[in-house]
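Summary of the model geometry
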Amino acid sequence: MGILVPGAGVIGLTARPKAGVVLIGTGGTIAGRGASPVNTSAYDCSVLSIDDILADLPAAASIADISAEQLFQSGSENFGSAQLLQLGKRISSLLKRDDVDGVVVTHGTDTIDETAYFLHLTLKSAKPVVVVGAMRPPSALSSDGPLNLYNAIVVAASPLAHGKGTLVVANDEIHTARDVVKTSTFKQEAFRSPYGPLGYIVEGKPVFYRLPARPHTVESEWSIDEIDVLPEIGIVYAHGGMNDSMVRAMLDSGVKALIYAATGNGNVATSVVASLVDARARGIHVVRGSRTGGGMVIRNAAQPDDHYDWLVTDDQVPHKARILMMLALTGEHNARTLQNAFLTY
Ligand code: DAS
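Residues numbered from 1 in each chain as written. Predicted model: local features only at pLDDT ≥ 70, side-chain atom pairs only at ≥ 80, totals over all residues. Heavy atoms only, no water.

This part takes up the side chain of His120. By secondary structure assignment, the location of His120 is in helix α3 (residues 112-122). Overall, the relative accessible area of 1% leaves His120 in the buried class. In terms of polar contacts, His120 uses its side chain to reach the backbone amide nitrogen of Thr166, at 3.1 Å. Excluding residues that lie within four positions of it along the chain, His120 makes contacts with Lys164, Gly165, Thr166, Thr176, Ala177, Arg178, His216 and Thr217. (Helix = DSSP H or I, 4+ residues; strand = E, 2+ residues; numbered from the N terminus. Buried < 20%, exposed > 50% of the residue type's maximum accessible area, 1.4 Å probe, protein only. Polar contact = N/O pair within 3.5 Å; in protein donor to acceptor, adjacent residues only side chain to side chain. Contact = heavy atoms within 4.5 Å.)

Written out as structure tokens, the structure is:
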């Protein structure tokens, strides 16, 4: 039983005066420090603890009852399956607690879109999980770190964010983990979703304008509590003058699937086709994607996928298609089921 707050959704009748939010620190630029305030791009990453970061944001205490813990202290370019699994399992156990209403993960921006997508597909809870980073360290002029973190806590504490999956908050915007991609090496407006953000944070209040259309969290077929190993998956990036050496190098690397970040709408150079056919003959799934960063790759259009038993990524960018394929391969391996994962999620 709950009460309906206009525009806010249902809040339990026994709701505490402030939401309980747990911050998990993992490093990144949001935990970085430069030698001078003008060092917006050259600085030491992952040096401030989550307690240091929180101590510099006293205003956060007015939003929620906050506790903080440090899980990693590293740039996200170093994160792999071990970190994804450890982080996911920790968040899962936190979300089961009655005194935890939401979780915020401070994270490097390089792979924030991959981690967020992994959590979006594997956490079995409607409680908000927000992954947040910064493009400038807290020591820099006009750092985006403090406001991004403040806004992330606002969203994690808000009933409005319930049931919307894992979110990435940056630059006043709320993005769904399914769509968001890092698109700049240095700009504060680095995060883009091809169909636009779900909403904004304005004057410390979240405002949503749309919902994620595809299943996630409680509706997804994967649960972090049931996954202990993730398969290796490689990405080959296509370019003009492409030959088959990169694909051939992967054949003996132990990968279970290969995402081919093809040119345009999934075209495969004639010089590469035979190596991808060989990959599939050796049991490696081949997934045609696109390096363009926008639009879908259509099955059987640029290549006869049915004939080769290849898959397509739909509209997912190659590095996030890799996350989805890792999860898809934890279950049934037939091509139809795997293809369906791309068309569903
Ligand atoms: N070192 C990068 C990372 O941790 C940079 C960043 O956080 O923005 O992803």
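In this structure, Gln316 sits in the loop between β16 (311-312) and α8 (318-328). Here the side chain of Gln316 touches Tyr117 through a polar contact of 3.5 Å, side chain to side chain. Not counting residues up to four positions away in its chain, the partners in contact with Gln316 are Tyr117, Arg178 and Ala321.

In total, this model carries 16 salt bridges according to the counting rule given. One salt bridge connects Asp315 with Arg178, and the closest N-O pair in it is separated by 2.7 Å. Of the two residues, Asp315 is situated in the loop between β16 and α8 and Arg178 in the loop between β8 (173-176) and β9 (181-182); the sequence distance between them amounts to 137 residues. Owing to a relative accessible area of 15%, Asp315 belongs among the buried residues under this scheme. (Salt bridge = Lys/Arg side-chain N within 4 Å of Asp/Glu carboxyl O.)

With that settled, consider the sheet that holds strand β13 (residues 233-237). As summarised here, the arrangement of the four strands in space is β13-β14-β15-β16, forming an open sheet in which the pairing is parallel. Strands at the two margins of the open sheet, each flanked by one partner only, are β13 and β16. Pairing of strand β15 (residues 285-290) with β16, which is carried by two bridges, proceeds in the parallel orientation. Bridge pairing in β16 links Val287 to Leu311. Docked against the sheet, helix α6 (residues 270-281) engages β14 (257-262) and β15, running at close to 140° with respect to β15. (Pairing = 2+ DSSP bridges. Axes fitted to C-alpha atoms, helices over the stretch in contact; angles between N-to-C directions.)

If you check the backbone angles, Ser46 has positive phi at about 55° while not being a glycine. Relative to the helices and strands, Ser46 resides in the loop between β3 (19-25) and α1 (50-55). Given the relative accessible area of 12%, Ser46 is considered buried. Phi at Asp309 takes a positive value of approximately 65°, unusual for a residue other than glycine. Positionally, Asp309 belongs in the loop between α7 (305-308) and β16. For Asp309, a relative accessible area of 29% corresponds to the partly exposed category.

Our next topic: empty space enclosed by the protein. One simple way to see leftover space: roll a probe sized like a water molecule over the atoms. On inspection of all chains with the given rule, the structure shows one cavity of 30 Å³ or more. For the largest cavity, the calculated volume is near 40 Å³. Leu123, Ser125, Ala126, Lys127, Val129, Gly163, Lys164, Gly165, Thr166 and Thr217 are the residues that line the largest cavity. Taken together, the residues of the lining of the largest cavity break down into three nonpolar, five polar and two charged. (1 Å grid on protein atoms, 1.4 Å probe; cavity = no way out; pocket = protein on both sides within 12 Å on 5 of 7 lines; lining within 4 Å. Points joined across faces, edges and corners; volume = space filled by probe spheres on them. Nonpolar A, V, L, I, M, F, W, Y, C, P; charged D, E, K, R; others polar.)

All right, on to the site of the ligand then. What surrounds the ligand is the set Gly28, Thr29, Cys45, Gly75, Ser76, Glu77, Gly108, Thr109, Asp110 and Ala134. The separation between a nitrogen atom of the ligand and a polar side-chain atom of Glu77 is 3.2 Å. Between Asp110 and the ligand, the recorded distance is 2.8 Å, taken from a backbone N or O atom to an oxygen atom. Each residue belonging to the shell around the ligand can be placed in one class, and the counts come to two nonpolar, six polar and two charged. (Near = heavy atom within 4 Å.)

With respect to burial, α8 is a largely interior element, ten of its eleven residues being buried. Looking at α8, one finds that the buried residues are Pro318, Lys320, Ala321, Arg322, Ile323, Leu324, Met325, Met326, Leu327 and Ala328.

It is worth spelling out the UniProt feature "active site" (unreviewed entry) in the protein at this point. Under the local residue numbering, the UniProt record ascribes the feature "active site" (unreviewed entry) to Thr29 and Thr109. With the annotated positions falling across 81 residues, the maximum pairwise C-alpha distance of 7.4 Å places them together in a single cluster. Position of Thr29 relative to the elements: it lies in the loop between β3 and α1. Residue classification places Thr29 among the buried residues on the basis of a relative accessible area of 7%. Excluding residues within four positions of it along the chain, Thr29 makes contact with Tyr43, Cys45, Gly108, Ala134, Met135, Arg136, Pro137 and Pro138. Following the sequence through the fold, Thr109 ends up in the loop between β5 (102-106) and α3. We classify Thr109 as buried; its relative accessible area is 4%. Excluding residues within four positions of it along the chain, Thr109 makes contact with Ser76, Gly133, Ala134, Met135, Lys182 and Phe191. (UniProt positions renumbered as here; feature names shortened; annotations may be inferred.)

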